[in-house]
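What the coordinates show
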Amino acid sequence: MPELPLAPIDRIFHKAGAERVGEDAIQALRDILEYIAFDIASKSIELARHAGRKTVTADDVKTAIRILRCIPAPTS
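Residues numbered from 1 in each chain as written. Predicted model: local features only at pLDDT ≥ 70, side-chain atom pairs only at ≥ 80, totals over all residues. Heavy atoms only, no water.

Look at helix H2 (residues 23–50) against helix H3 (residues 58–68): their axes get within 8 Å of each other, and the N-to-C directions meet at 115 degrees. Note that H2 runs across H3; the crossing there is right-handed. Of H3, the residues touching H2 (which contributes Asp 39, Ile 40, Lys 43, Ser 44, Leu 47 and Ala 48) are Asp 60, Val 61, Thr 63, Ala 64, Ile 65, Ile 67 and Leu 68. Class assignment for the residues of the contact of H2 with H3 results in eight nonpolar, two polar and three charged. (Axes fitted to C-alpha atoms, helices over the stretch in contact; angles between N-to-C directions. Helix = DSSP H or I, 4+ residues; strand = E, 2+ residues; numbered from the N terminus. Left-handed = near helix turned anticlockwise from the far one by under 90°. Contact = heavy atoms within 4.5 Å. Nonpolar A, V, L, I, M, F, W, Y, C, P; charged D, E, K, R; others polar.)

This is the structure we're talking about:
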């Protein structure tokens, strides 16, 4: 069952400039975002454990993004 609600994804489309967005497009983006987020979270957990920590930090997430090369890592 999906974790992310559809309304925020619809808002992202509209902020990006879409006038109208089909329900299937919103669902497709949601599915892709959840897939990517799961991979990033899994790699982040792996990095935290490798460092001997139970707590996942923002640096773990940024490093996971760089390792997975999903998207450019945020600078802030």
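Before going further, it helps to examine the pattern of salt bridges. For the coordinates displayed, the defined rule picks out three salt bridges. Residue Lys 43 pairs with Glu 46 through a salt bridge whose shortest N-O separation is 3.3 Å. You can see Lys 43 and its partner Glu 46 sitting in helix H2, three residues apart, about one turn around the helix. A relative accessible area of 48% means that Glu 46 is categorised as partly exposed. (Salt bridge = Lys/Arg side-chain N within 4 Å of Asp/Glu carboxyl O. Buried < 20%, exposed > 50% of the residue type's maximum accessible area, 1.4 Å probe, protein only.)

Further remarks concern the UniProt feature "domain: Transcription factor CBF/NF-Y/archaeal histone" (unreviewed entry) in the protein. According to UniProt, the feature "domain: Transcription factor CBF/NF-Y/archaeal histone" (unreviewed entry) maps to residues 3–65 in the numbering used here. Helix and strand shares over residues 3–65 are 73% and 0% respectively, and the end C-alpha atoms of the span are 20 Å apart. (UniProt positions renumbered as here; feature names shortened; annotations may be inferred.)

So, on to a nonpolar patch on the surface. A contiguous nonpolar patch, built from Ile 45, Val 56 and Val 61 and spanning about 190 Å² of accessible area, is present on the exposed surface. Inspection of the secondary structure assignment puts Ile 45 in helix H2. Judged by its relative accessible area of 35%, Ile 45 falls in the partly exposed class. (Patch = residues over 30% accessible without salt bridge, like charges linked within 9 Å, V, L, I, M, F, W, Y side chains within 5 Å. Areas by Shrake-Rupley, 256 points an atom, 1.4 Å probe, with all protein chains shown as cover.)

For Asp 60, the position within the fold is in helix H3. Of the polar contacts made by the side chain of Asp 60, one reaches the backbone nitrogen of Thr 57; its length is 2.8 Å. (Polar contact = N/O pair within 3.5 Å; in protein donor to acceptor, adjacent residues only side chain to side chain.)

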